[in-house]
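The residues making up each chain are set out below.
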Amino acid sequence: MVTDNSSDGLNAVEAMDREYVFGTWAYQSEVSPTQIVGGDGARFTDADGNEYVDFSGQLMCSNLGHSASAVEEAIAEQTREGAYFAPGFATEARAELGKKLAEVTPGNLSKTFFSTSGTEAIEAAIKIAKFYTGKDKIISRYRSYHGATAGSISVTGDPRRLAAEPGIPGAIKAPDPYAYGSTLDPMESLEYIDEMLMLEGDTVAAVLVEPVVGSNGILVPPAEYLPRLKEIAHDHGALLVCDEVMTGFGRTGEWFGSDLFDVTPDIMTMAKGLTGAYQPLAATVVTDDIAAHFEDNMFTHGHTYAGHPVACAAGLAAVETYESEGLIERADEVGSYLSDRIASLAVDHPSVGDVRGTGLFHGIELTKRTDERAPFGTREDKLSKGSTVVDEVAARALEHGTYVANMINTLIVAPPLTITRAEIDEAVAAIDAALEVADAAMEA
Ligand code: PMP
């Protein structure tokens, strides 16, 4: 049912895209794009008329689905009123959205710097942490992704950082809570961070983590992990920065991943769900104390498009939609259904090593040898040419009408918060069929 995607099977748009536009994170010779012509709710359609359930919300960002009319309307209205005014002027949607974020984020997080991508939100967080503490090192974890530019790729722990190394000075990596695949107990991994902070002396500005790790495999830490991490960071005079770019806006069944653990970080970054991907918008939100510091210390940071009016109008309409449609609560509720349905995949398929997650954020990790939990592919394999078995499972699921993102050795389930139970059933059936490829590829 899927378009023939070998390079000679490309249609005119696909071929033009292939020739003139860089494919991201890819050997360009392997790029073979499928033209998408529309989306509706939790579904989208390709140029041949094939329809797919969007089981990953594209890049874990289309939290509102593909037809959020209030957001579409807000974008059109703001564009008509005036698409762009410089960040130095006040505009209503930006001010309102700043206020809204102070309301929906936990504790005393209160003031926002707006930018356009998760990457930029992290760059701002790094600079703010350094300015505020007067220190210059950042501890982040190996199984993490924080962005693609110089600073944010340096604090990224996964092998995507390798091509950019040595990166910025002072970016230090720590172990992480990966119960299924690491020899370290998740809580034990925290003691390493404590020891590292002690050994670094009083030089670390911040510890930066995703509250639930996203593209490195949906790693949910134990309940005590994040509160203890905050304590450890503060004991050593470092800030806690929570990267909520993927975990924000209902993804985990709460407004933010930090809420799952009742933790207020000192700095929180967000993007993706902030507008439900209707506009590129990101935010770096800081506590009262940090905000107050910049009253008489220069905030030496900014972009032309910091708080772009159209993006902020989309953000405001998106946050209002989460509220008015009860989507955060819905994510929790429908998330339990999703979690039960995908748990059955582990029972039926020996190649499913682990199923884990929270809310509408789940990982299905595959294994080629159950007893050793051996992965089919590593992140290093992903950086070399050719495809892994997990890629083949995702491709097969697409043939069965379901799009599911796959990162390293794990299928990432992160649908729009509006997905119906029937659509979940449809997507689980497609993955069930696709997993036959992985079962067959298992080693004795
Ligand atoms: N942080 C996290 C946790 C992310 O998942 C991502 C993107 N997947 C980023 C930062 C970077 O965001 P962007 O791609 O919007 O620059």
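Residues numbered from 1 in each chain as written. Predicted model: local features only at pLDDT ≥ 70, side-chain atom pairs only at ≥ 80, totals over all residues. Heavy atoms only, no water.

Heads up, the condition is: UniProt positions are given in the numbering used here, feature names are shortened, and annotations may be inferred rather than shown by experiment.
Within an unreviewed UniProt entry, the label attached to the protein chain reads Aminotransferase class III-fold pyridoxal phosphate-dependent enzyme, and the organism entered is Natronosalvus rutilus. The record held by UniProt for the protein chain lists under Sequence similarities (unreviewed entry) the comment "Belongs to the class-III pyridoxal-phosphate-dependent aminotransferase family." UniProt, in the comment section headed Cofactor (unreviewed entry), describes the protein chain in these words: "pyridoxal 5'-phosphate".

So, the packing of aromatic side chains
To keep it simple, the criterion reads: Centre distance within 6.5 Å is the pairing criterion for rings of Phe, Tyr and Trp, where only the six-membered ring of Trp is used; planes under 30 degrees apart are then read as stacked, over 60 as edge-to-face, and the remainder as tilted. Runs of E in the DSSP output that reach at least two residues are strands. Runs of H or I that reach at least four are helices, and both are numbered from the N terminus. Per-residue accessibility, obtained with a 1.4 Å probe over protein chains only, is compared with the maximum for each type, and a residue is labelled buried under 20%, exposed over 50%, and partly exposed between these values. Look at NZ for Lys and CZ for Arg. If either is within 6 Å of the ring centre and within 35 degrees of the ring normal, a charge sits over the ring.
Inspection of the entire model under this criterion finds 11 aromatic pairs. Ring geometry for Y84 and Y305: centres 5.7 Å apart, planes at 80°, overall edge-to-face. Taken as a pair, Y84 in the loop between α3 (69–81) and α4 (92–104) and Y305 in the loop between α10 (288–293) and α11 (309–324) lie far apart in primary sequence, 221 residues in all. Owing to a relative accessible area of 31%, Y84 belongs among the partly exposed residues under this scheme. Overall, the relative accessible area of 48% leaves Y305 in the partly exposed class. Taking 5.7 Å as the distance between ring centres and 25° as the angle between the ring planes, the aromatic pair formed by F249 and Y322 counts as stacked. In this pair, F249 sits in the loop between β8 (239–243) and α9 (257–260) while Y322 sits in helix α11, placing the two residues 73 residues apart along the sequence. Note on accessibility: F249 and Y322 belong to one class, buried. Within the aromatic cluster, the residues linked to one another by ring pairs are F113, F131, F294 and F299. Of note, R160 hangs over the ring of Y145, and the distance from its end group to the ring centre comes to 3.9 Å.

So, the domain arrangement of the protein chain
Just so we agree on the cut-off: Where each domain begins and ends is defined by an automated method or by a domain database. Contacts are assigned to residue pairs that have any heavy atoms within 4.5 Å of one another. Once two parts are brought into contact, the accessible area they lose, counted with a 1.4 Å probe and summed over both, makes up the buried area. Polar contact is the term for a pair of N or O atoms within 3.5 Å; when the atoms are in protein, one must be able to donate a hydrogen and the other to accept it, and sequence-neighboring residues count only if both atoms are side-chain atoms. Side-chain classes follow a simple rule in which Ala, Val, Leu, Ile, Met, Phe, Trp, Tyr, Cys and Pro form the nonpolar group, Asp, Glu, Lys and Arg form the charged group, and the remainder, Gly included, forms the polar group.
Here the protein chain is described as being made up of domain 1 (35–67 + 326–440) and domain 2 (69–324). The interface of domain 1 with domain 2 comprises 37 residues on the first partner and 40 residues on the second. Carbon and sulfur atoms supply 61% of the area buried between domain 1 and domain 2, which totals about 3,000 Å² over both sides. Three residues stand out in domain 1 for area buried against domain 2, namely L64, I328 and F361, and they jointly supply 24% of the buried area on that side. Connecting domain 1 to domain 2 are 18 residue pairs in polar contact (both at pLDDT 80 or more). Residue composition of the side of domain 1 that touches domain 2, grouped by class: 16 nonpolar, 14 polar and seven charged.

A look at the sheet that holds strand β7 (residues 204–209)
The condition is simple: Pairing between strands is defined by DSSP: at least two bridges between them are needed. Axis angles are defined between N-to-C directions and span 0 to 180 degrees, where every axis is a line fitted to C-alpha atoms and, for a helix, only to the segment in contact.
On the basis of which strands lie adjacent, the open sheet formed by seven strands has the order β4-β10-β9-β8-β7-β5-β6 and mixed pairing. In this open sheet, the two strands that pair with only one neighbour each are β4 (109–115) and β6 (171–174). Geometrically, the sheet is characterised by an average inter-axis angle of 20° between neighbouring strands, direction not taken into account. Two strands pair when backbone bridges link them, and β4 and strand β10 (residues 282–287) are joined in this way by six bridges, in the antiparallel orientation. Looking across to β10, one finds that F114 is bridged to A283.

Comments concerning unusual backbone geometry
Residues apart from glycine generally show negative phi values, whereas peptide bonds are mostly found in trans. A cis amide bond links E165 with the next residue in sequence, P166, at an omega value of 15°. Of note, P166 is situated in the loop between α6 (150–154) and β6. Non-glycine residue D262 carries a positive phi angle of around 55°. Structurally, the position occupied by D262 is in the loop between α9 and β9 (267–270).

Section: the pairing of β7
So the rule is basically this: The handedness rule is simple: strands pointing away from the viewer, and a clockwise path from the first strand over the helix to the second, make the crossover right-handed.
Here β7 lies mainly inside the structure; six of its six residues are buried. As paired elements, β7 and β8 share four bridges and run parallel to each other. Bridge pairing in β8 places L208 opposite V241. Viewed along the sheet, the connection from β7 through helix α8 (residues 225–235) into β8 turns out right-handed.

A few points about empty space enclosed by the protein
Note the threshold: Every definition here rests on a 1 Å grid over the protein atoms only: cavities are sets of points where a 1.4 Å probe fits but cannot get out, pockets are open sets enclosed by protein on both sides within 12 Å along at least five of seven lines, and lining residues have some atom within 4 Å of a point. Grid points are joined across faces, edges and corners, and a volume is the space filled by probe spheres set on the points.
As enumerated under the stated definition, the model contains one cavity of 30 Å³ or more in all. In this structure, the largest cavity occupies an estimated 40 Å³ of space. When residues of the lining of the largest cavity are traced back to their parent elements, those giving at least two are α5 (118–133) and β7. No other element matches the four residues that α5 contributes to the lining of the largest cavity. For the lining of the largest cavity, the per-class residue count stands at eight nonpolar, no polar and no charged.

Describing α3
Convention followed: A helix is expected to span 1.5 Å multiplied by its residue count minus one. Directions drawn from the helix axis to the C-beta atoms are what define this arc.
The terminal C-alpha atoms of α3, which comprises 13 residues, lie 18 Å apart, in line with the 18 Å expected from a rise of 1.5 Å per residue. Among the residues of α3, V71, A74, I75 and Q78 are the ones counted as buried. Along the axis of α3, the buried residues cluster in a sector spanning 100°; they form a single face. Of the exposed residues in α3, those oriented more than 90 degrees away from the buried face are S69 and R80. Where α3 is buried, its residues touch α4 and α11. Downstream of α3 by one or two residues, G82 has phi in the positive range, about 155°.

Some remarks on the packing of α3 against α11
To keep things clear, this is the line we draw: Each angle is binned into one of four classes, with values under 35 degrees roughly parallel, values over 145 roughly antiparallel, values of 65 to 115 roughly perpendicular, and all other values oblique. When the near helix sits turned anticlockwise from the far one by under a right angle, the crossing is termed left-handed; a clockwise turn instead gives a right-handed crossing.
It is at 8 Å that the axes of α3 and α11 come closest, and there the two elements cross at 155°. Relative to α11, α3 is oriented roughly antiparallel. Once α3 is placed against α11, the crossing between them reads as right-handed. Residues A70, V71, A74, I75, Q78 and T79 of α3 touch α11, and the partners they reach there are P309, V310, A313, A314, A317, A318 and T321. Considering only residue class, the contact of α3 with α11 consists of 10 nonpolar, three polar and no charged.

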